[in-house]
Amino acid sequence: MLVRGVRALKLDVISKLRRDANLRYVFEGEQKARGAKRKYDRKVALADPTRLTWVRELQSGVELYTAVVWHVSLKRKIRLAYLLDLRKPNKPSYPVLFSTDINQSADDIHRFYKLRFQIEFIFRDAKQFTGLSDCQARDLKKLDFHFNASFTALNLAKLDAHQQQSGQKPFVFSMACVKRRALNDHLLDTFISTLGLSPTLIKSHPNYQNLRSYGIIAV
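Please read these numbers as outputs of a predicted model, since none were measured by experiment.

A. How the structure looks around the overall build of the chain. The secondary structure content of the chain amounts to six helices and seven strands. For a compact globule of 219 residues, the expected C-alpha radius of gyration is about 17 Å, and the chain comes in at 26 Å, more than 25% above that figure. Put simply, the chain has 219 residues, and 30% of those count as buried. Of the contacts formed within the chain by residues at least 6 apart in sequence, a portion of 46% connects residues at least 24 apart. Per element, the accessible surface of the chain, about 15900 Å² overall, is 55% carbon and sulfur. Of note, the chain has its 38 positive side-chain charges centred 5 Å away from the centre of its 20 negative side-chain charges.

B. Quick look at the layout of surface pockets. In this model, the second largest pocket occupies a volume close to 250 Å³. For the second largest pocket, the lining is made up of 15 residues, of which V62, L83, P95, L97 and H110 are closest to its centre. Sorting the residues of the lining of the second largest pocket by element identifies β4 (53-59), β6 (76-85) and α2 (106-129) as the ones contributing at least two each. Examining the composition of the lining of the second largest pocket, we find that four residues originate from one element, α2, more than from any other. Here the lining of the second largest pocket is built from residues that sort into eight nonpolar, three polar and four charged.

C. View of a nonpolar patch on the surface. Where nonpolar side chains cluster on the molecular surface, the patch consists of L183, L187, F191, L195 and L197 and spans about 470 Å² of accessible area. Following the sequence through the fold, F191 ends up in helix α4 (residues 175-194).

D. Structural view of α4. For α4, built from 20 residues, the straight-helix expectation of 28 Å at 1.5 Å per residue is met to within 8% by its first-to-last C-alpha distance of 28 Å. Along α4, the positions that sit buried rather than exposed are M175, C177, N184, L188 and I192. The secondary structure elements touched by the buried residues of α4 are α2, α3 (140-163), α5 (199-203) and α6 (208-212). Following α4 by one or two positions, G196 adopts a phi angle in the positive range, close to 65 degrees.

E. Geometry of the packing of aromatic side chains. One pass over the full model with this rule turns up four aromatic pairs. Look at Y65 and Y82: their rings are 6.1 Å apart centre to centre, the planes differ by 85 degrees, and that puts the pair in the edge-to-face class. Linking Y65 in strand β5 (residues 62-71) with Y82 in strand β6, this pair joins segments that are 17 residues apart in sequence. With a relative accessible area of 12%, Y65 lands in the buried category. Judged by centre distance (6.4 Å) and plane angle (80 degrees), the rings of Y113 and F117 are edge-to-face. A residue pair is termed a helical-turn pair when its members lie 3 or 4 positions apart in one helix, as Y113 and F117 do in helix α2 at four residues.

F. Region of the structure containing the packing of α2 against α3. Two elements in contact, α2 and α3, have axes whose closest approach is 10 Å; the angle formed by their N-to-C orientations is 105 degrees. Between α2 and α3, the crossing angle belongs to the class labelled roughly perpendicular. Residue-level contacts link I122, F123, D125 and A126 of α2 to S150, F151 and L154 of α3. Here the residues of the contact of α2 with α3 sort into five nonpolar, one polar and one charged.

G. Structural detail: the pattern of salt bridges. In the structure shown here, the tally under the stated rule is ten salt bridges. Here E120 ties to R116 by a salt bridge, and the two come within 2.8 Å at their closest N and O atoms. Taken together, the positions of E120 and R116, both in helix α2 and four residues apart, correspond to about one turn of that helix. Judged by relative accessible area, which is 31%, R116 ranks as partly exposed. In this structure, D189 and K203 form a salt bridge, with 3.3 Å as the shortest nitrogen-oxygen distance. Taken as a pair, D189 in helix α4 and K203 in helix α5 lie far apart in primary sequence, 14 residues in all. The class for D189 is partly exposed, based on a relative accessible area of 36%.

H. The environment of Y40, seen in detail. Following the sequence through the fold, Y40 ends up in strand β3 (residues 40-43). Taking relative accessible area as the criterion, Y40 reaches 27% and is therefore assigned partly exposed. Apart from the residues within four sequence positions on either side, Y40 is in contact with R24, Y25, F27 and W70.

Scoring rules and cut-offs
Residues numbered from 1 in each chain as written. Predicted model: local features only at pLDDT ≥ 70, side-chain atom pairs only at ≥ 80, totals over all residues. Heavy atoms only, no water. Helix = DSSP H or I, 4+ residues; strand = E, 2+ residues; numbered from the N terminus. Rg over C-alpha atoms; globule rule 2.2 N^0.38 Å. Buried < 20%, exposed > 50% of the residue type's maximum accessible area, 1.4 Å probe, protein only. Contact = heavy atoms within 4.5 Å. Areas by Shrake-Rupley, 256 points an atom, 1.4 Å probe, with all protein chains shown as cover. Lys, Arg positive; Asp, Glu negative; His and termini not counted. Charge placed at Lys NZ, Arg CZ, Asp CG, Glu CD. 1 Å grid on protein atoms, 1.4 Å probe; cavity = no way out; pocket = protein on both sides within 12 Å on 5 of 7 lines; lining within 4 Å. Points joined across faces, edges and corners; volume = space filled by probe spheres on them. Nonpolar A, V, L, I, M, F, W, Y, C, P; charged D, E, K, R; others polar. Patch = residues over 30% accessible without salt bridge, like charges linked within 9 Å, V, L, I, M, F, W, Y side chains within 5 Å. Salt bridge = Lys/Arg side-chain N within 4 Å of Asp/Glu carboxyl O. Expected span 1.5 Å × (residues − 1). Phe/Tyr/Trp six-rings, centres within 6.5 Å; stacked < 30°, edge-to-face > 60°. Axes fitted to C-alpha atoms, helices over the stretch in contact; angles between N-to-C directions. Parallel < 35°, antiparallel > 145°, perpendicular 65-115°, else oblique.

Below is the structure:
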């Protein structure tokens, strides 16, 4: 259902197959002169990559294979990106990725699939901190506006955090820390205003930045 829905939007799916996925090789041999043309060959044994096409070695002990096969349940051809992991000789593993775009390279499938984890972080932060799933509207335009506003708020927070990054340390972003720092700023401003303190004097103090960062987990 998911694949059919995505393809109806003229998009392609990149995902991971189960180890017991029902796949068949596409028949590429000589056809008979009479009768229906043969479309499929024998079933794909995912534990045996000998009939797959070797692409390259991704890293020491991890090899990438590919093939265009027929997925019986999806009723369509798919492009495989088969990763044979031999780093543990006694227990080899073989994650099998696929794309509904049979012209896509196995390298691209592997690279795009790895990016899904970064995409999941975006949705997680948007749901937890910028109200992605809080809209109760049913109108498509209103939902579109709400979703864009949620992701925009997240992107602006990430941009601000990136601009405040100093030094040569790797950039680390945590929306929870952004929220905590914003709360700390609000509390400190409230204390300064309520107690009639000098903002310039307080904010120029060496420990002021430590108070702003109180309780955050990523520095």
